[in-house]
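Take a look at the letters that make up each chain.
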Amino acid sequence: MKRLFVTSIAAFALTVLLCAAAWAGMVAQGKCIENDKAAKTIKIEEYDINFTPENKYGTPTGTVTVFDVSEAKIGIPPEPGDILRIAYTSDNDKYHAVKVMNVTKQDLSKKK
Amino acid sequence: MLTRTAKVLPLILALLAVLPQLVWAAGGGASELVVVADTRVVKNVVLHYFADLYNMNMLLNAIWAVVLTAGYGGFLGFLMDFIISRCGLDLTKRSIVEH
């Protein structure tokens with residue numbers, strides 16, 4: 001009985017960990033250059049994580065990335081110039097956004 | 001008096017039911033708030049795991065929340081049992097002591 005219990009717990013933990021590994025994603029943050037609603041893509045200029053008082057969302061890297069947002073959960077509609085934070089997965093050099101947060105219009109740090 | 005109130009009451013209830021819709025009509029549709037955890041700045045492996053889970057799989061995140069909450073509840077229960085037993089109270093016996 002005890003062995004069955006331990007085995008069940010171990011199987012559950014393994015399943016949870018494997019599921020999580022399968023869903024591992026990445027995050028990009030940057031300035032929205034274009035929000036193409038017809039093509040369902042968002043183009044951003046990526047920022048790094050060097051946060052300074054002048055660049056509180058990070059320093060621009062010059063890297064422009066296009067995300068497919070056809071299946072993404074999008075918050076406040078992004079406009080060019082907005083800072084966006086995108087959780088995404090990638091396959092064959094294509095980036096598929098899962099969640100898009102409009103940091104500029106949803107700035108949680110304004111209260112600081 | 002009661003009859004008059006009974007006649008007006010449905011009208012008041014209907015007005016109360018309609019009021020929120022009037023407020024919604026005043027502004028545009030509210031956007032859904034989407035929050036993405038910035039995993040780029042999270043160095044701790046465990047925190048990174050949970051932040052990533054929050055971004056990518058909300059269902060698994062909710063399952064973890066339930067499991068951890070249950071685990072924490074169990075921990076608090078056993079801790080309280082231990083403290084009570086150290087106080088000299090034996091709650092495992094059902095004998096009632098009355099004087």
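Described in the following lines is the structure provided in the data block. (Residues numbered from 1 in each chain as written. Chains lettered and ligands numbered in written order. Predicted model: local features only at pLDDT ≥ 70, side-chain atom pairs only at ≥ 80, totals over all residues. Heavy atoms only, no water.)

Description of the overall build of chain A
Part 1 of the argument: When its secondary structure is counted, chain A shows one helix and six strands.
Part 2 of the argument: Start at the N end of chain A and walk to the C end: the helices and strands fall as α-β-β-β-β-β-β.
Part 3 of the argument: Counting every position in chain A, which comprises 112 residues, the buried fraction comes to 34%.
Part 4 of the argument: A sequence separation of at least 24 residues applies to 47% of the contacts in chain A between residues at least 6 apart.
Part 5 of the argument: Counting every atom, chain A has about 7,100 Å² of accessible surface; 59% of that belongs to carbon and sulfur. (Helix = DSSP H or I, 4+ residues; strand = E, 2+ residues; numbered from the N terminus. Buried < 20%, exposed > 50% of the residue type's maximum accessible area, 1.4 Å probe, protein only. Contact = heavy atoms within 4.5 Å. Areas by Shrake-Rupley, 256 points an atom, 1.4 Å probe, with all protein chains shown as cover.)

Structural notes on the pattern of salt bridges
Part 1 of the argument: Evaluation of the coordinates by the stated rule reveals four salt bridges over all chains.
Part 2 of the argument: A salt bridge links Lys73 of chain A to Glu32 of chain B, with the shortest nitrogen-to-oxygen separation between them at 3.5 Å. Residue Lys73 of chain A is located in strand β4 (residues 73-74), and its partner Glu32 of chain B is located in the loop between α1 (2-26) and α2 (45-56); the two belong to separate chains.
Part 3 of the argument: Residue classification places Lys73 of chain A among the partly exposed positions, given a relative accessible area of 41%.
Part 4 of the argument: Assessed through its relative accessible area of 44%, Glu32 of chain B is described here as partly exposed.
Part 5 of the argument: Arg40 of chain B is the salt-bridge partner of Asp38 of chain B, the closest N and O atoms lying 2.8 Å from each other. (Salt bridge = Lys/Arg side-chain N within 4 Å of Asp/Glu carboxyl O.)

A look at the interface of chain B and chain A
Part 1 of the argument: With 24 residues of chain B in contact, the opposing surface of chain A contributes 29 residues.
Part 2 of the argument: Around 2,200 Å² of area is buried between chain B and chain A when both sides are counted, 66% of it from carbon and sulfur atoms.
Part 3 of the argument: Viewed at the interface, chain A and chain B are joined by one salt bridge.
Part 4 of the argument: Linking chain B with chain A are six residue pairs in polar contact (both at pLDDT 80 or more), by the criterion used here. (Buried area = accessible area lost by both parts, 1.4 Å probe. Polar contact = N/O pair within 3.5 Å; in protein donor to acceptor, adjacent residues only side chain to side chain.)

Observations concerning the side chain of Arg40 of chain B
Part 1 of the argument: Tracing the backbone through its elements, the reader meets Arg40 of chain B in the loop between α1 and α2.
Part 2 of the argument: Arg40 of chain B sits in the buried class, given a relative accessible area of 18%.
Part 3 of the argument: One polar contact links the side chain of Arg40 of chain B to the main-chain carbonyl oxygen of Tyr47 of chain A, over a distance of 3.0 Å.
Part 4 of the argument: Side chain to side chain, Arg40 of chain B and Asp38 of chain B meet in a polar contact 2.8 Å long.
Part 5 of the argument: Discounting residues that sit within four places of it in the chain, Arg40 of chain B has contacts with Val27, Gln29, Tyr47, Asp48, Ile49 and Phe51 of chain A.

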